[in-house]
Every structure is written in structure tokens, then in C-alpha cells.
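# Tertiary structure, described
Chain residues, written in single-letter form:
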Amino acid sequence: MASTTVRGFSLLIYTIALLTFLSFLPISTAKGFKIEEATIYGLQLAFRNDQLTSRELVEFYHKQIQIQNPVLKGVLELNPNALSQADKADQERKAKAPQSLSPLHGIPILLKDNIATKDKMNTTAGSFALLGSVVPRDAGVVAKLRKVGAIILGKATLSEWSYYRSNTAPSGWSARGGYGKNPYTLGTPCGSSSGSAISVAANLVAVSLGSETDGSILCPSGYNSAVGIKPTVGLTSRAGVVPISPRQDTVGPICRTVSDAALVLETIAGFDINDKATIKASKYVPKGGYAQFLKKDGLRGKRLGVVRDFYGFGKGTLRHETFELHFKTLRQKGAVVVDNLKIENLDEILNDQSESIAMGLEFKLALNAYLKDLVASPVRSLDDVIAFNKKHPKLEKLEEYGQDIMLFAQKIKGIGILKEAVLNMSRLSHSGFEKLMITNKLDAVVVPFSSFSSILAIGGYPGVSVPAGYEKGEPFGIVFGGLKGSEPKLVEIAYSFEQATMIRKPPPVRELKV
Ligand SMILES: *[C@@H]1O[C@H](CO)[C@@H](O)[C@H](O)[C@H]1NC(C)=O
Ligand SMILES: *[C@@H]1O[C@H](CO)[C@@H](O)[C@H](O)[C@H]1NC(C)=O
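Quick caveat: nothing in here was measured; it's all calculated off a predicted structure.

## Examining the overall build of the protein
Check the secondary structure of the protein and you find 18 helices and 13 strands. Against the globule reference of 24 Å for 514 residues, the protein gives a C-alpha radius of gyration of 22 Å, in line with a compact fold. Along the first, second and third principal axes, the C-alpha set of the protein runs to 60 × 55 × 45 Å. Here the protein holds 514 residues, and the buried ones make up 60% of them. A separation of at least 24 residues holds for 77% of the contacts in the protein among residues at least 6 apart in sequence. Of the charged side chains in the protein, 62 are positive and 47 negative, and the gap between their average positions amounts to 2 Å.

Okay, structure coming up:
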């Protein structure tokens, strides 16, 4: 199975898989080590104690994918070379001193399908239009992962084109990947980095990467009880990532724990010759990485702002009660919670059209540039993609979902308008979020997910989502957002909150009923 598209399984294979594995569904592996929910540190310890090899780990995830992916559809493709990469890692571990190896050495990672890999896998953003395209090189973040010996397990499903095709397509749907399912509810996983969040949540992989333009890491992280970091724009390279807006796009980890997310972030952050934005933003990368900020007392002395406008649930609701409890916890852990703050120009921000206008213009330019750079591709421009969808209406479910966002982007013109929109957004950010942060001397704002993603998106600011609770079985997250380059503080806050609350619990194992 390792070399074929996962959704191509026949019923026969399902049945065999079920009969074979149902009898010993995951408890623990050989030598008593339990892989489910293990952190990177836990896995490394098991490697060193000879309780686990990278090959066993990859085989375990292959089994989990075989069992659960027909229902969850979090994984789009498996890397046919994952086992050989695991064997290589196992050999290197024997030959080298443990301290010389990265924490990600020998750890399987899943990549959102808009992140290019120059290997046997396809990079398609979930669309058949890009199937068979050949990328010139690994994405910048993938090159960094390979360098430290991480194992590329496969590609994750996503909302097609990172939800930049159609406003009516369900979140988590793509033509190639089908409908991704939330492992907790079997309902929406939220997107667009849906498969990344589904897969780590359901223990189909150790860690994953997603990308965000506006909400695409933070939302699925919350919905699937995962931890997501949306880094400052430019902190991580976007080279080789199917784009929406270079001004807003950012690549970040989706994992089960803050410590895993910090370790993945420190591996992928920093300068990449193929993404100019990384030159300026690399000043934000702390010497010694992000793991040093995993402090249990990380909340002590932190000033956290609460903007009630983002708490769109009434008093007496479970979410309201839960967040009040969380504020109490944050205070108990030494944070100063500054309540009832206002973003002065919030209405203007939320009604402003600049973001959607700018994104339309930027998408066309950036996508055309990405497609032109491919070694081979069935499509070379946005016009080609739109024509492809029209030519393959069944394959791409055109009648159901259309392609209104792409048509909007195709139509919209004018460099002058783009400049004006970008100026508008930076004005709104300066007199809005930045002013709030600076005048109140805040380290972070704390919000439920909601429309806050746009505030972070238009300013290129970072945010971290941590599991915050469950309502009728559906997980929700708490988001800490800060100024550019504030990831060290956000990691301290998020880790300290996570350790104080420990809310994440794994979802039930989901199998196909035959
Ligand atoms: C990539 O797509 C091709 C179809 O063009 C398919 O044959 C191949 O199996 C895919 N690769 C993987 C690793 O799934
Ligand atoms: C920029 O902001 C001004 C003032 O709010 C508004 O009239 C204009 O339409 C905005 N421009 C764009 C491109 O959104």
C-alpha cells in the first residue's frame, strides 16, 4: 500500500486490513512502549532505550492509516520512501552520538499537500489540475526537515487550493482527497490545513505541517484538539508552497503538544535563499531555538489581554464557563489578565474589503509565478486552472462547488488598488492590534478562534492554538496572539497553559464499518 494513493483501496483490502488488525488495535508496541500520544521527546527516549526504531514507528503509522484513513481521509499520499528513510535514520542513530542528532531525527512528519517535495510524491493542493506536475526542488521547509533526518511520511489532505477556489465547497474537501473528517465528531475538521490536524489528532503520524493565510492552521488545530503555531510571516520559508498571498502566507506546525510544535518550528524557521521574506524575519529566530521556552512557569508575569468582542458565545454557555475558568487558571499561574479591552477600529477592520481585494490580486500573481517555476505541469497559470476545472467538471465537482473565488481573482485588476489595499491593512493594524498591544503593555491577546484570525492575518502576526475544551464532544481551542517575532513568549504562555490544563485527549479509533 505504501506507494499508492490512499483513497484507492479496494473493499477487499479494507476487509483484510480490518480482520488482521481489529484483534489487536493499538495499545502498545513491542517492548512495552506506547506510541499513541507519545511526544517527540518520548519517542527519542524510546529510540535511545532500544524500545523503538523509526522503522517500527513508520510501520505503526502505516497500520493506523490503513485502519482509520478510509474514514478520516486525513492522508492523501504516502511516501514510498518512508521506510527506507526510517532504516537510514535507525542506522545513523547507531553510528552517531545522541547529542549530535536533531530532536526530529527519525521522526515521521506529514506535509499539507501544498508543500512541495521533490520525490515520488505529488504536490497538488488537492486538485487534479496539478497531478503529474514536477516541482523544481523541495520546499524550503522540507529541505530543512530532510537535513536533520526527519522522515517525510506523506502528504495531508486539505481544503482544495487552501480554500481559494470556492466559497461553497466544504472546509476540508478537495477533489483528490475527498472530505476530511474530524476524528472526534466525524463532522467538519475545519480547514484549510484539515488533514494535518486530523492526522496528528488521530495518531496517524507524529507531527505535521500546515499553512495559514487567514485561519488555516489555527482553526483546524482548535477543531481537532491539536496544537498549531501560525508563525510570523517570513519566519518560515514559503518557497515551494502553492501560494495564496506572499504577504500573509506562513507555514507552521500542527502537533499534539506545544513541545512538539516548538521543536518542529525551530527546525523549519529561518533563512531560505528562495524566500526573500526570510531575510528580514530571520532576526526573530532566537539563538538556541524555541525549546528553551518550554517553561512550566512561563505564564508568570505575562500580561494577557482579553477582547470580549471575540467571545461570541453568551453567558451560561459551556464555552463561556470554560473560558472564565481558563482566565482563572492563567491568573493562578501568575499572569495578569487585562479584561474588557477594545480594539479601537475593530468595526472598520471587520468591514474592510482590503484583505479580500489584495488576496485576489496577490493570488493570481503568486500562483502564476509558482506554476511557471514548475519543471512540468498540466497548468501554467490561473487561467489554465480555471479552464482545467471547466474541462473536468465531474472530477473537480464543478457543478456543486463552482470556482467563484478563482473567477474573482481572475477578473480583478490593478496594481494601484493592491497598493491601496496593503496600505489600508497596515494602517488598520497599526492603529488597531499594535496600538492595543503597546498601550496595554501586553505580551499576548487571548481569544477563542473566531474572527481574530483576520487580525493576525492582515498584520502578519503570529498565533498559537492550544486545546481548551470540548462541547458535545467537539473540541475547541484557545488562541494566544502577539506581535511579530513574539513566538518565544507565545511558546512560554502556550506551554504553561497546556501543562496547567492538559485538556487534549485522543479521539476514538475510527474504522470503516464493512
Ligand atoms: C502521484 O500521482 C500519480 C498519478 O499521476 C500516481 O500514479 C502516483 O501513485 C502518485 N504518487 C503517490 C506517492 O501516491
Ligand atoms: C482603503 O480604505 C479606504 C478608507 O477606509 C476605503 O475607502 C477604500 O475603499 C479602501 N481601499 C481598498 C482597496 O480596500
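## Things to note about the UniProt feature "domain: Amidase" (unreviewed entry) in the protein
Mapped onto this numbering, the UniProt entry gives "domain: Amidase" (unreviewed entry) at residues 56-449. Along residues 56-449 one finds 40% helix and 12% strand; the C-alpha atoms at either end are 37 Å apart.

## Considering the state of the cysteines
For the structure on display, the rule yields one disulfide. Residue Cys-190 pairs covalently with Cys-219 via a disulfide, S to S 2.1 Å. Because the torsion about its S-S bond is 110°, the bridge between Cys-190 and Cys-219 counts as right-handed. You can see Cys-190 sitting in the loop between strand 5 (178-179) and helix 6 (194-201) and its partner Cys-219 sitting in helix 7 (residues 218-223), a full 29 residues away along the chain.

## So, the site of ligand 2
Neighbouring ligand 2 are the residues Ser-354, Ile-357, Ile-417, Glu-420, Ala-421, Asn-424 and Arg-427. One of the side-chain nitrogen or oxygen atoms of Asn-424 is found 2.3 Å away from an oxygen atom of ligand 2. About the coverage of ligand 2: the protein hides 56% of its 360 Å² of free accessible area. At the level of secondary structure, the elements contributing two or more residues to the shell around ligand 2 comprise helix 12 (354-372) and helix 16 (415-439). Split into classes, the residues belonging to the shell around ligand 2 amount to three nonpolar, two polar and two charged.

## Here we look at helix 16
Its 25 residues give helix 16 an end-to-end C-alpha distance of 34 Å, which sits within 8% of 36 Å, the value for a rise of 1.5 Å per residue. Ser-429 marks the point of greatest bend in helix 16, at about 35°. The set of residues buried in helix 16 consists of Leu-418, Ala-421, Asn-424, Met-425, Leu-428, Ser-429, Gly-432, Phe-433, Glu-434, Leu-436 and Met-437. Residues of helix 16 that are buried sit in contact with helix 11 (346-351), helix 12, strand 11 (444-447), helix 17 (452-459) and strand 13 (474-481).

## Overview of the pairing of strand 11
The side-chain alternation of strand 11 yields two buried faces, one formed by Ala-444 and Val-446 and the other by Val-445 and Val-447. Here three bridges tie strand 11 to strand 13, and the two strands are oriented antiparallel to one another. What sits directly across from Val-447, in strand 13, is Val-479.

Conventions used here
Residues numbered from 1 in each chain as written. Chains lettered and ligands numbered in written order. Predicted model: local features only at pLDDT ≥ 70, side-chain atom pairs only at ≥ 80, totals over all residues. Heavy atoms only, no water. Helix = DSSP H or I, 4+ residues; strand = E, 2+ residues; numbered from the N terminus. Rg over C-alpha atoms; globule rule 2.2 N^0.38 Å. Buried < 20%, exposed > 50% of the residue type's maximum accessible area, 1.4 Å probe, protein only. Contact = heavy atoms within 4.5 Å. Lys, Arg positive; Asp, Glu negative; His and termini not counted. Charge placed at Lys NZ, Arg CZ, Asp CG, Glu CD. UniProt positions renumbered as here; feature names shortened; annotations may be inferred. Disulfide = S-S within 2.5 Å. Near = heavy atom within 4 Å. Polar contact = N/O pair within 3.5 Å; in protein donor to acceptor, adjacent residues only side chain to side chain. Areas by Shrake-Rupley, 256 points an atom, 1.4 Å probe, with all protein chains shown as cover. Nonpolar A, V, L, I, M, F, W, Y, C, P; charged D, E, K, R; others polar. Expected span 1.5 Å × (residues − 1). Bend = angle between axes of the 7 residues up to and from the residue. Pairing = 2+ DSSP bridges.

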